[in-house]
Amino acid sequence: MTAAKRARVAVNGYGVIGKRVADAVAIQEDMDLVGVADVTRDYRIRVAAERGYPIYASSPDARPNMKDADIPVVGTLDDLLERADIVVDCTPKGIGAKNKEHYEAAGVKAIFQGGETHELAGFSFTAQVNYEKALDRRWARVVSCNTTALCRIMHALDRNGWVKRARAVLLRRATDPWESHDTGMINTAVPETKVPSHQGPDARTVLEGLDITTLAGAGPYNLSHLHFAMVETTRPVTLDELRHALWREPRVAFVHASDGIVALNSTIELMRDLGRPRNDMWEVAVWEDALAADDREVYLSFQVHNEAIAIPETVDCIRALTGIERDGAKSIEKTNRSLGIRKSFLPKTIREADTHTRMGEALARAPRPYAEAGFKGSEEPVEPGPTEAQRRPTSR
């Protein structure tokens, strides 16, 4: 690490994720983007030149072709790694695993993306869940977009001790917008035949002990993913408790069908109107007016912008591995402030902060009938009977 506690960061792979990571790193006050590497010679890497990023060839074989296309290549990946404390590998799935030996030989730390296996790094990361466990590690893996969203949402509930069992259905986008001309589907949907889908087991690499089952499929659209979660709770959770728990969770924000945000496209349109770069939504967007709760479960619907959601996690992971910020909450705040991550998308007319301040105060004052039979001393029965609230029939 540098004496001034700044991280020197290299980005290998300048595609959908890599270009966003590079842009995010470049605006951090405690990081220096020392360069980006790729093998392409098309418009994507040319944008890096327009942004003034030093460009390197990810492989020696690619360098002559890039130079022939007037890409201003200043060196190879080996040259880039010599300038870096840490590299963020944003190469296509499977390539990161092949690159690990290269990074190890260069003596740099590395962050891999969710397309690689947990075993490659031995540690999977979501900032608000396990930041402190990532401190000073050599390797880490930032989990995939869908897993990041599940970890944020489930952490909001699990930190309160509410999660008994979770089930989630994931409707995934067919392809990324930039390659929609080449891949994807039309007028159909494709279910994944493996149950559980990989996101549930993947979430358990971050939230250890989480009981979750996921099912997934893909549909004919490219504007992000849509999740439906049904969580069996350890005790009855009220709708206000659910709302407030989500409000308190970093990088989770509410949207409302009553405001016209009725579908994936309208949320992305809101990001455009807010002036977000590339229409990016780093937050998990939860439809507040679709939240529901009964005596046994809570129900949630939320949107996951696959291109953007893991970017702030990657920035935080850089701080954790390099040790330039020891406090996870402080890192999250730094990243949120630099990127413009919000708790409320429309705070001037939808005063959610005031609402949740009052809600939190009311919840703190409210009696808790579910705790009436809790442990009070050695004279209490070992297995108390249910409370009056628990005796009531469920809404089913």
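On a predicted model such as this, the values are computed, not experimentally measured, just so you know.

K.L.:
Residue-level account of the sheet that holds strand E5 (residues 86–89), with values.
P.N.:
Strand order in the open sheet formed by 8 strands is E4-E3-E2-E1-E5-E6-E8-E7, with parallel pairing between adjacent strands. At either margin of the open sheet sits one strand with a lone partner, and together these are strand E4 (73–76) and strand E7 (124–125). Strand direction decides the pairing type here: strand E1 (residues 7–12) and strand E2 (residues 31–38), joined by 6 bridges, are parallel. Residue pairing for E2: Ala 10 is matched across the bridge by Gly 35.

K.L.:
Give a detailed account of the packing of helix H1 (residues 16–26) against helix H12 (residues 311–322), specifying residues and quantitative values.
P.N.:
The contact between H1 and H12 brings their axes to 10 Å, and the two run at 55 degrees. In terms of their interaxial angle, H1 and H12 are classed as oblique. Regarding H1 and H12, the two cross each other, and that crossing is right-handed. In this structure, H1 uses Ile 17, Arg 20, Val 21, Ala 24 and Val 25 to contact H12, whose residues at the interface are Ile 311, Thr 314, Val 315 and Ile 318. Its residues placed into classes, the contact of H1 with H12 shows 7 nonpolar, 1 polar and 1 charged.

K.L.:
Report on the packing of helix H7 (residues 127–134) against helix H13 (residues 328–339), specifying residues and quantitative values.
P.N.:
Relative orientation of the contacting elements H7 and H13 amounts to 125 degrees, with a least axis distance of 9 Å. In terms of orientation, H7 and H13 fall into the oblique class. Crossing angle aside, the handedness with which H7 passes H13 is right-handed. Where H7 approaches H13, its residues Ala 127, Gln 128, Tyr 131 and Glu 132 are matched on the opposing element by Gly 328, Ser 331 and Ile 332. Split by residue class, the contact of H7 with H13 holds 3 nonpolar, 3 polar and 1 charged.

Calculation rules
- Residues numbered from 1 in each chain as written.
- Predicted model: local features only at pLDDT ≥ 70, side-chain atom pairs only at ≥ 80, totals over all residues.
- Heavy atoms only, no water.
- Pairing = 2+ DSSP bridges.
- Helix = DSSP H or I, 4+ residues; strand = E, 2+ residues; numbered from the N terminus.
- Axes fitted to C-alpha atoms, helices over the stretch in contact; angles between N-to-C directions.
- Parallel < 35°, antiparallel > 145°, perpendicular 65-115°, else oblique.
- Left-handed = near helix turned anticlockwise from the far one by under 90°.
- Contact = heavy atoms within 4.5 Å.
- Nonpolar A, V, L, I, M, F, W, Y, C, P; charged D, E, K, R; others polar.

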